[in-house]
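Residues per chain are reported as follows:
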Amino acid sequence: MLWSKVLLVYDGSENSLRAVEYVAKVLGRNEGLKVTIFGVHEKIPRHDLQGTSPVVDKLQRQISAMRQETERGQARLKESKILLAKGGIPEQSIDVKYGERKQSLVKDIITEAQNGGYGTIVVGKGESKGLMSGGNIGKDLVAAVKDQAVCVV
């Protein structure tokens, strides 16, 4: 069944939170349901610059901010797992995948969906403003996905 293995795209936005609630309420009671909460973060650059200068200091602040945002993203994904469990999905049936963006956001989601054998992709509607800022992910997925159902909440 298409809904037995779900890839839930979560970016920390209000719309993706609604998608979490939707999965819990509508699909949560289906026996054998497996949900993977999926999120990506921007690549954090490495630097080996020594000393201090305005440029080096600015770069270090930017990298520090990116690391903090990545940590907040991980925390938000874990919170969404708790919400799914409270909604009736057994905790052992919920997985979390959070990694560095490799391609475009839509391509990363499609690659994960295909490689993981997911039947359904659930995503919040509208412009993505959270962990995965970069456009209307739902609209782009509907246009690009061929072998999975896409549920835009």
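Residues numbered from 1 in each chain as written. Predicted model: local features only at pLDDT ≥ 70, side-chain atom pairs only at ≥ 80, totals over all residues. Heavy atoms only, no water.

Taken as a class, soluble globular proteins show a tendency for nonpolar side chains to be buried jointly. Judged by nonpolar contacts, the single largest core of 18 residues is most densely connected at Leu8, Val23, Val35, Ile37 and Leu84. Looking at this core, the elements that each hand over two or more residues are β1 (5-9), α1 (14-27), β2 (34-41), α2 (54-86) and β3 (94-100). Looking at this core element by element, the count peaks at five residues for α1. In contact with leucine 84, not counting residues within four places along its chain, are Leu8, Val20, Val23, Ala24, Val35, Ile37, Ile89 and Ile94. Leu7, Ala113, Tyr118 and Ile137 belong to the second largest nonpolar core, which has 15 residues in total. (Core = buried A, V, L, I, M, F, W, Y, C linked by side-chain atoms within 4.5 Å. Buried < 20%, exposed > 50% of the residue type's maximum accessible area, 1.4 Å probe, protein only. Helix = DSSP H or I, 4+ residues; strand = E, 2+ residues; numbered from the N terminus. Contact = heavy atoms within 4.5 Å.)

Our next topic: the packing of α1 against α2. The description of two helices packed together rests on the angle between their axes and the distance between the axes. Look at α1 against α2: their axes get within 8 Å of each other, and the N-to-C directions meet at 30°. Compared by their axis directions, α1 and α2 come out roughly parallel. Note that α1 runs across α2; the crossing there is right-handed. For the pair α1 and α2, the contacting residues are Leu17, Val20, Val23 and Ala24 in the first and Ser80, Leu83 and Leu84 in the second. Looking at side-chain class alone, the contact of α1 with α2 contains six nonpolar, one polar and no charged residues. (Axes fitted to C-alpha atoms, helices over the stretch in contact; angles between N-to-C directions. Parallel < 35°, antiparallel > 145°, perpendicular 65-115°, else oblique. Left-handed = near helix turned anticlockwise from the far one by under 90°. Nonpolar A, V, L, I, M, F, W, Y, C, P; charged D, E, K, R; others polar.)

Turning our attention to the packing of aromatic side chains. The full count for this structure, using the stated rule, is zero aromatic pairs. Directly above the ring of tyrosine 118 sits lysine 5, whose terminal nitrogen or CZ lies 5.0 Å from the centroid. (Phe/Tyr/Trp six-rings, centres within 6.5 Å; stacked < 30°, edge-to-face > 60°. Lys NZ or Arg CZ within 6 Å of the ring centre and 35° of its normal.)

Now for the layout of surface pockets. Taken as a whole, the largest pocket encloses approximately 170 Å³ of empty space. Along its surface, the largest pocket is lined by Phe38, Val40, Tyr98, Gly99, Glu100, Lys102, Gln103, Asp108, Thr111, Glu112 and Asn115. When residues of the lining of the largest pocket are traced back to their parent elements, those giving at least two are β2, β3 and α3 (105-116). For the lining of the largest pocket, the leading source of residues is α3, giving four residues. Classifying every residue of the lining of the largest pocket by side-chain character gives three nonpolar, four polar and four charged. (1 Å grid on protein atoms, 1.4 Å probe; cavity = no way out; pocket = protein on both sides within 12 Å on 5 of 7 lines; lining within 4 Å. Points joined across faces, edges and corners; volume = space filled by probe spheres on them.)

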